[in-house]
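# Topology and contacts: notes
The primary structure of each chain is shown beneath.
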Amino acid sequence: MKTNYLLLIGSIIAYVLLGYAVPRTSFELFAILYAFLFALYFYWCYYAEKKFDSSKWKMFLLGAILLRAVFLGAIPELSDDFWRYLWDGRLLSFGVNPYEFTPVELLGTELYAEAHLEQLYAQLNSPKFYSVYPPITQFFFTAATYFFTDNVLASIVVFHALVLCLEIGTIILLVRLLKCLNKPLYLAFFYAFNPLIILELSGNLHTESILIFFMTLALYLFAKKGYAKSALAFSMAVGAKLLPLMFMPLILHRLWFKRGVYYCMLVGIVNLALLVLFFDLEMIQKIKESMGLYFGHFEFNASIYYLTRYWLINEYWWLWDYHEYFMGFSPLEDFLKMDLYVLLRKLLPIIDLILILYISLRKNIRASIQTFWTAFLIIYSVHFFLATTVHPWYITPLVMLAVLSSYRMYVLIWTALIGLTYISYQHEIFAENSWVIGLEYALVFVVLVGELRQKKKNTLT
């Protein structure tokens, strides 16, 4: 018990330093503290099954709360996305649709002065883009800024408090879900004390905290067979981040026709109502263009995409490009003249969709409840293995899904390694480190293959 208290105190000190003293450009110090936190975390994980007392899970919850509460007064340092949260929240607080204007378009307007937007504008990372944050997140942004339209720090503290409440709710729901599934409660520990979860959600205020809360609520209600309530919670998750839509074929197949269609229709109706609340056709087109520009220009920490782009295309394309024996065969000539990077960006989402449908429509999804829960993890993993942009906070929902699956070590390893990609920001000029990315995915895939082989071996025996 004394060891646990010492580890908790050590973790709190590390989080205080990361939250209040270490700038994003000090990568070496960040890496040391990050590695220290994960060393303590893996120590706890190793002994969790032996030392976790399910009758005292509220003490475990208190420890998780303390680690998150450290950041209540901290201004996020590792990410600047929160400035756009405050910008959108202030607009909505003044009755202005946050999707209607880009920040650049509001420069010099009466609203710009009235909402004190000059406090935020210089910090925005994409002032020429329309907001891409879905409607449910906008309500949270507004809650954080409504009473403090001229006070940045106060709004940040309120948003920290909101995220803290969401995280407490997620952990409690996870414990209840594990009870419902007859799984050991100590598994909730893997989410509650994960340093990436704490840093990216409670520290950097990323909106995945909203997604994870509503997804966990939806899965809990689903396990309790409250499908209508689950669909409403799932709608909120989609309204916070569109990604859960990839799970719709899986849910439809599990519930099968009547209940599945009803579930999906309810999700669609709620999100259509949210869409009508904020958007018209012209606005949808503007946001579509912004998202197209974003996904067309930004790429970060990709795995299969980078491997294909830099290895296959850059290194070996010359082996069969512009050879004489290709000339005169127009389909192949046209293909060789295409922009292969653009083609790759278009091809990967198609492969992603095909794999999602394959995983979702397998026969044992309906036969085995454990296969159903694991399919959520597999679908989410496949999506980000094929993605062109994988920021550290993007994989935080994987940790929650891993708690419900027998495959979780590769996810925990991924969370430990992905934080090292902040090395890209250590200088004024952004530059990714290929060695870090290569090490990250090499270890993740090695551990994943090891887990798959072990599972296969256990099944055979």
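Residues numbered from 1 in each chain as written. Predicted model: local features only at pLDDT ≥ 70, side-chain atom pairs only at ≥ 80, totals over all residues. Heavy atoms only, no water.

### Considering the overall build of the protein chain
Applicable threshold: Each helix corresponds to a stretch of at least 4 residues labelled H or I by DSSP, and each strand to a stretch of at least 2 residues labelled E; elements are numbered beginning at the N terminus. Between two residues, a contact is recorded if the distance between any of their heavy atoms is within 4.5 Å. All accessible-area figures derive from a Shrake-Rupley calculation using a 1.4 Å probe, and residue coverage is judged against the displayed protein chains alone.
Counting secondary structure elements, the protein chain contains 23 helices and zero strands. The long-range share in the protein chain, meaning contacts at least 24 apart out of those at least 6 apart in sequence, stands at 77%. Surface accessibility of the protein chain: about 22,100 Å² in total, with carbon and sulfur atoms responsible for 67%.

### Considerations on the confidence of the model for the protein chain
We count it as follows: Here pLDDT means the predictor's own confidence in every residue, given as a number from 0 to 100.
Here the protein chain averages 89 in pLDDT, while 89% of its residues score no lower than 70. Mean pLDDT across the secondary structure elements of the protein chain bottoms out at helix α17 (residues 330-336), with 58, and peaks at helix α11 (residues 208-223), with 98.

### Topic: the packing of aromatic side chains
The description of an aromatic ring pair rests on the distance of the ring centres and on the angle between the ring planes. To be explicit about the condition: Aromatic pairs are defined between Phe, Tyr and Trp rings, using the six-membered ring for Trp, whenever the two ring centres lie within 6.5 Å; interplanar angles under 30 degrees are classed as stacked, those over 60 as edge-to-face, and all others as tilted. Partly exposed describes any residue whose relative accessible area lies between the buried limit of under 20% and the exposed limit of over 50%, with all areas from a 1.4 Å probe on protein chains only and scaled to the type maximum. Definition used: whenever NZ (Lys) or CZ (Arg) falls within 6 Å of the ring centre and also within 35 degrees of the ring normal, the charge is taken to sit over that ring.
Under the definition given, this model contains 51 aromatic pairs. Judged by centre distance (5.2 Å) and plane angle (45 degrees), the ring pair of Y380 and F384 falls under tilted. Highlighted residues: Y380 and F384, both in helix α20 (residues 369-385), separated by four residues, approximately one helical turn. Judged on exposure class, the residue Y380 and its partner F384 are both buried. Chaining the aromatic ring pairs together yields one cluster made of F222, Y227, F234, F247, Y263, F372, W373, F376, Y380, F384, W393 and Y394. Its end group placed over the ring of Y425, R24 keeps NZ or CZ at 4.2 Å from the ring centre. Here the guanidinium or amino end of R254 rests over the ring plane of F372, the centre of that ring lying 5.5 Å away.

### Focus on the environment of V399
Among the structural elements, V399 can be located in helix α21 (residues 396-403). A residue is classified by how much of its surface remains accessible, and V399, at 1% relative accessible area, is buried. Considered as a pair, V399 and I197 are 202 residues apart in the sequence and their alpha carbons are 8.1 Å apart. If we ignore the near neighbours within four places in the chain, the residues touching V399 are F190, Y191, N194, I197, V411 and T415.

### Side note on the nonpolar core
The test is simple: Among the buried residues, those of types Ala, Val, Leu, Ile, Met, Phe, Trp, Tyr and Cys that are joined through side-chain atoms within 4.5 Å form a nonpolar core.
Counting residues in hydrophobic clusters, the biggest one holds 150 residues, and the most contacted among them are F60, Y191, F234, F376 and W414. Apart from the residues lying within four places of it in its own chain, the contact partners of W414 are F384, F385, V390, I395, L398, E440, Y441 and V444.

### What to know about the pattern of salt bridges
Definition in use: When a carboxyl oxygen of Asp or Glu is within 4 Å of a side-chain nitrogen of Lys or Arg, the pair counts as a salt bridge.
With the rule as written, the count across this model stands at five salt bridges. One salt bridge in this structure joins E208 and K241, with 3.0 Å as the shortest N-O distance. Residue E208 is found in helix α11, and its partner K241 is found in the loop between α12 (227-240) and α13 (248-255); the two are separated by 33 residues along the sequence. Between R309 and E299 there is a salt bridge; the shortest N-O distance is 2.5 Å. Here E299 lies in the loop between α15 (281-297) and α16 (304-316) and R309 lies in helix α16, a separation of ten residues in the sequence. Each member of the pair, R309 as well as E299, is classed as buried. Here the residues in one salt-bridge network are E299, R309 and R345, joined through shared partners.

### Description of unusual backbone geometry
One non-glycine residue, H116, adopts positive backbone phi at about 55 degrees. Here H116 lies in the loop between α5 (110-114) and α6 (118-121). Phi angles above zero are rare outside glycine, and N182 is one such case at about 60 degrees. Relative to the helices and strands, N182 resides in the loop between α8 (152-180) and α9 (188-192).

### A few points about the environment of L250
Residue position: L250 is located in helix α13. Put simply, L250 and W373 are 123 residues apart on the chain and 9.9 Å apart in space, counted from C-alpha to C-alpha. Filtering out sequence-adjacent residues up to four positions away, L250 remains in contact with S360, I365, F372, A375, F376 and I379.

### Some points on the packing of helix α2 (residues 27-51) against helix α22 (residues 409-418)
Short version of the rule: Here, axes are lines fitted to C-alpha atoms. For helices the fit covers the stretch in contact, and angles between N-to-C directions go from 0 to 180 degrees. Here roughly perpendicular refers to angles of 65 to 115 degrees, roughly parallel to angles under 35, roughly antiparallel to angles over 145, and oblique to all remaining angles. Here a crossing is called left-handed whenever its near helix is offset anticlockwise from the far helix by less than a right angle, and right-handed whenever the offset is clockwise. All amino acids are sorted into three groups, where Ala, Val, Leu, Ile, Met, Phe, Trp, Tyr, Cys and Pro are nonpolar, Asp, Glu, Lys and Arg are charged, and the leftover types, Gly among them, are polar.
The contact between α2 and α22 brings their axes to 10 Å, and the two run at 160 degrees. On the basis of their axis angle, the class for α2 and α22 is roughly antiparallel. With respect to the hand of their crossing, α2 and α22 are arranged in right-handed fashion. Along the contact surface, α2 presents Y34, F38, Y41 and F42, while α22 presents L412, I413, T415 and A416. Its residues assigned to classes, the contact of α2 with α22 shows seven nonpolar, one polar and no charged.

### Notes on the packing of α11 against α12
Across the interface, α11 lies against α12 with an axial gap of 8 Å and an inter-helix angle of 165 degrees. In terms of orientation, α11 lies roughly antiparallel with respect to α12. Considering only the axes of α11 and α12, their crossing is left-handed. Counted together, I210, L211, F214, M215, L217, A218, L221 and F222 of α11 and Y227, K229, S230, A233, F234, M236, A237 and A240 of α12 form the full contact between these two elements. Here the contact of α11 with α12 is composed, by residue class, of 14 nonpolar, one polar and one charged.

### Examining helix α1 (residues 2-20)
Because each turn of an α-helix spans 3.6 residues, side chains separated by three or four positions in sequence point in the same direction. Condition: Residue count minus one, scaled by 1.5 Å, sets the expected span of a helix.
Helix length check: α1 (19 residues) gives 27 Å between terminal C-alpha atoms against 27 Å at 1.5 Å per residue, within 8%. Where α1 is buried, its residues contact α2, α3 (57-69) and α10 (195-203).

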